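Overview (structure and organization)
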Amino acid sequence: MFDKLNKHYHFSNSKKDIEVNTVCVMGLGYIGLPTAAILANRGYNVYGVDTNESVVKVINKGEIHIVEPDLDVFVRAAVDSGRLQAYLEPAAADVFIISVPTPFYKGQEGEIPKPNIEYVISAVRSIAPYVKSGNIVILESTSPVGTTEILTKELKAQGVDIDSIFVAYCPERVLPGNMMIELVENDRIVGGINVESVEKVKKFYETFVVGEVLTTDSKTAEMCKLVENSSRDVQIAFANELSMICDDLDINVWELIRLANHHPRVNILNPGCGVGGHCIAVDPWFIVDKVPARAQIIKKARDINNYKSEWVIEKTKNTILEFKIKNGENPNVVCMGLAFKPDIDDLRESPALSITKALLEDGFVLKACEPNIESIEGIDLISVDEAVEFADIFVMLVGHKEFRLNIQQIHAKIVLDFCGVNV
Ligand code: SAJ
């Protein structure tokens, strides 16, 4: 992939065509760091900025602080070539990319979570003294509709001559686990504050993206990002609702979905133990918060996907209690998988982790098996082989590939398969 970037991909513009040499990337997390590394490998001088001192140190050693296939190769090459350096504070550049987190305030039970754009605003304030005529400012962070306008007003308030710069929103759309490929190959949406910004920023992306760069205004681009993830959330909610209906009706949901998907225009996704990660489980709230009376399906989907985890907890508890009544002793229970989705080590907003913790907090004795993680405080982790030996009840929470290898052995036990790993 690393060689492929410069040798095999055909980029429609080169760095020389757009008079950009230096890019300042604000926020070196899951999106900022891969983007900074790709840009450096495409020949830009990249000034990476993060407020976390240890992140800055790690990157300047040519190492990485997040797990993502091939990212280490890109960062190592970028740092060794001298084209990527990390700092705590921004500096002058031709392009500023803001890729800081936009978390949300969860609020009280029943309240609609509220997006928090404080990090975006503070990044804008910190670059403002360095932004000069002809510069490009791009927001990549997932943001509520209207944030690019707020950013532009903030730059103005900080004394930047807005009419002399180019501002656009360009959301990231990469799938964790496949980022280094998707960053280059995915189509991108550029939403500018005016026509000049759109054209300028499109050209910049065309120097390192081979996917199509589509253009629009900033509000549509912001909404597009939120809608993509909400669409997936709604579709997963449909699958999760089906799984609970099928349980009531004693129908195998996996067989049902497989059969229904033979219809040429039906494509039902997979039920699971809930929706995790910090994108799909979060972004729909940005729409619900903005237009609560209208966003009914979007909110319902969030509620169903959250409820699915509670349903999994109840099902598991009931199975444990039934085992105890039948056998007169507590079963050995193993929760299989803790990450937020298969074959990664990412625990952010992971339903599998919350379910396991909830069972432990309710006094159920259990172990967990997570092949992608060495240790987690408060949870007794065992290997797949140990789990096969130990368990009376398998609670299959995440469909890691390691779990598919043991179907024969697993069939000898009680299997609560909430993620379809055994189908
Ligand atoms: N999930 C299911 N059933 C499915 C598919 C997923 O339960 O059929 C669950 C997963 O187990 C996981 C959650 O949904 O808990 C989200 O996983 P995912 O693989 O669908 O998505 P993410 O969060 O890793 O990445 C998403 C992607 N968005 C879309 O596919 C529309 C990615 O392209 C975005 O860039 C990313 O969010 C982001 O950063 O916004």
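Here the structure is shown first, and the text comes after it.
Rules used throughout
Residues numbered from 1 in each chain as written. Predicted model: local features only at pLDDT ≥ 70, side-chain atom pairs only at ≥ 80, totals over all residues. Heavy atoms only, no water. Helix = DSSP H or I, 4+ residues; strand = E, 2+ residues; numbered from the N terminus. Buried < 20%, exposed > 50% of the residue type's maximum accessible area, 1.4 Å probe, protein only. Salt bridge = Lys/Arg side-chain N within 4 Å of Asp/Glu carboxyl O. Near = heavy atom within 4 Å. Polar contact = N/O pair within 3.5 Å; in protein donor to acceptor, adjacent residues only side chain to side chain. Areas by Shrake-Rupley, 256 points an atom, 1.4 Å probe, with all protein chains shown as cover. Domains from an automatic or database assignment. Patch = residues over 30% accessible without salt bridge, like charges linked within 9 Å, V, L, I, M, F, W, Y side chains within 5 Å. Pairing = 2+ DSSP bridges. Axes fitted to C-alpha atoms, helices over the stretch in contact; angles between N-to-C directions. Contact = heavy atoms within 4.5 Å.

With that out of the way, let us pick up the environment of V213. Relative to the helices and strands, V213 resides in strand β10 (residues 213-217). Taking relative accessible area as the criterion, V213 reaches 5% and is therefore assigned buried.

All right, on to the pattern of salt bridges then. It is possible for side chains of opposite charge to pair when their charged atoms get near one another. Tallying each qualifying case throughout the model produces 15 salt bridges. We note a salt bridge from D247 to K315, for which the minimum N-O separation is 2.8 Å. Placement of D247 in helix α9 (residues 218-249) and of K315 in helix α12 (residues 296-327) is noted, with a sequence separation of 68 residues between them. Of the charged contacts in the structure, one is a salt bridge between E314 and K317, with a shortest N-O distance of 3.9 Å. One end of the pair is E314 and the other is K317, both in helix α12 and three residues apart, which spans about a single turn. What makes K317 buried here is its relative accessible area of 14%. Bridged by salt links that share partners, the residues E314, K317 and D362 form one connected network.

Near the ligand there are 19 residues, and of these E172, V174, K225, R232 and F340 occur at the shortest range. In the environment of the ligand, an oxygen atom lies 2.5 Å from a nitrogen or oxygen atom belonging to the side chain of R232. A distance of 2.7 Å is found between an oxygen atom of the ligand and a side-chain nitrogen or oxygen belonging to K341. Protein burial of the ligand: of its 770 Å² of free accessible surface, 86% is covered by the chains. The element contributing the most residues to the shell around the ligand is α9, with five residues. In this structure, the shell around the ligand is formed jointly by two domains, domain 1 (2-219) and domain 2 (251-417), each of which donates at least three residues.

Glancing now at a nonpolar patch on the surface. A grouping of I245, L249, I251 and L256 is seen on the molecular surface, where their side chains present a nonpolar patch of about 330 Å² in accessible area. Inspection of the secondary structure assignment puts L249 in helix α9. Judged by relative accessible area, which is 56%, L249 ranks as exposed.

On to the sheet that holds strand β7 (residues 136-139), then. Strand-to-strand pairing in sheets goes through backbone hydrogen bonds, with the strands running parallel or antiparallel. If you trace the eight strands from one edge of the open sheet to the other, you get β3-β2-β1-β4-β7-β8-β9-β10, paired in mixed fashion. Each of the sheet's edge strands pairs with one partner strand only, and the pair in question is β3 (84-87) and β10. Looking at each pair of strands side by side, their axes are set apart by 25° on average, direction ignored. In terms of strand pairing, strand β4 (residues 95-98) meets β7 through four bridges, oriented parallel. Bridging across to β7, V95 finds its partner in I136. Docked against the sheet, helix α5 (residues 118-127) engages β1 (22-26), β4 and β7, running at close to 160° with respect to β4.

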